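# What the coordinates show
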Amino acid sequence: MNHIVLYQPEIPQNTGNIMRTCVATNTKLHLIKPLGFSLDEAHLKRSAVNYIDKLDYEIYEDFAEFKEKNKGIYYYLTRYGRKPHTSFDYSNKENENLYFIFGKESTGIPKEILQEDLKHCLRIPMTSNVRALNVSNSVAIVIYEALRQQDFNDLLREEPHKGADYLER
């Protein structure tokens, strides 16, 4: 199973967008405190649209509590990673839990956490013209790469509301 982990997220709109992505991809969301917002803020609800009630999520007091409660393979998204996100095997052949961990918008994941598992620090390739991509964009890029390798699990491949032949009609 795929999991998205936000380490001390600060911006409600980013977290709202990530919530929507998690609902769309059947991905559990883990939020590690402190949060830079309240979960009932209007901005967060507006970003997650009306999907927040379908979101599978859990909140933790700190990273130690998160690690204690969640076993699997941890992948850390950081601009300091030396391997592209596409160089890992996420095919999940043995049904392991895969945790994709993203840091807070201002400072990322603390160096002390990253140093514990350098081989799982990954980076989305980009030019030197920007420091980093927006965290919600990064989440979407990484989770869809994992899903691509997993043949998109049980996600729909056709539009369910207007029908598969909508464009032909």
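Below you will find a few notes about this structure. (Residues numbered from 1 in each chain as written. Predicted model: local features only at pLDDT ≥ 70, side-chain atom pairs only at ≥ 80, totals over all residues. Heavy atoms only, no water.)

Within strand S6 (residues 98–102), five of the five residues are buried, which leaves the element mostly enclosed by the surrounding structure. Across the two faces of S6 the burial is the same, with Leu98, Phe100 and Phe102 and Tyr99 and Ile101 all buried. Sheet topology places strand S1 (residues 2–7) next to S6; five bridges connect them, and they run parallel. The partner of valine 5 across the bridge, within S6, is isoleucine 101. Summarising the sheet, strand S4 (residues 73–77) and S6 pair through five bridges and their orientation is parallel. Residue leucine 77 lies in a different strand from S6, and its bridge partner there is phenylalanine 102. (Buried < 20%, exposed > 50% of the residue type's maximum accessible area, 1.4 Å probe, protein only. Helix = DSSP H or I, 4+ residues; strand = E, 2+ residues; numbered from the N terminus. Pairing = 2+ DSSP bridges.)

Residues Ile4, Leu6, Ile18, Leu29, Tyr90, Phe100 and Phe102 are the most contacted members of the largest nonpolar core, which totals 26 residues. Every element with two or more residues in this core is listed here: S1, helix H1 (12–25), strand S2 (28–32), S4, S6 and helix H5 (135–149). In this structure phenylalanine 100 touches Asn2, His3, Ile4, Val5, Tyr75, Tyr90, Val142, Ile143 and Ala146, once residues within four positions along its chain are discounted. Counting 14 residues, the second largest nonpolar core, distinct from the first, contains Ile32, Phe66, Tyr74 and Ile101. (Core = buried A, V, L, I, M, F, W, Y, C linked by side-chain atoms within 4.5 Å. Contact = heavy atoms within 4.5 Å.)

Right, let's talk about the pairing of S2 for a bit. Burial within S2 is extensive, with five of its five residues counted as buried. Pairing geometry for S1 and S2, over five bridges, is parallel. In the strand pairing of S2, isoleucine 4 is matched with leucine 29. In this structure, S2 lies alongside strand S3 (residues 57–60), joined through four bridges in parallel fashion. The partner of isoleucine 32 across the bridge, within S3, is tyrosine 60.

What follows deals with the side chain of histidine 30. Checked against the element boundaries, histidine 30 lands in strand S2. Of the polar contacts made by the side chain of histidine 30, one reaches the side chain of tyrosine 60; its length is 2.7 Å. (Polar contact = N/O pair within 3.5 Å; in protein donor to acceptor, adjacent residues only side chain to side chain.)

On to the pattern of salt bridges. This model, assessed by the stated rule, comprises eight salt bridges. Two residues, glutamate 65 and lysine 69, come together in a salt bridge whose shortest N-O distance is 2.8 Å. Taken as a pair, glutamate 65 and lysine 69 lie in helix H3 (residues 63–69) at a separation of four residues, close to a single helical turn. Across the pair lysine 67 and glutamate 116 runs a salt bridge, and its minimum N-O distance is 3.2 Å. With lysine 67 in helix H3 and glutamate 116 in the loop between helix H4 (111–115) and strand S7 (121–123), this residue pair connects regions lying 49 residues apart in the sequence. For lysine 67, a relative accessible area of 28% puts it in the partly exposed group. (Salt bridge = Lys/Arg side-chain N within 4 Å of Asp/Glu carboxyl O.)

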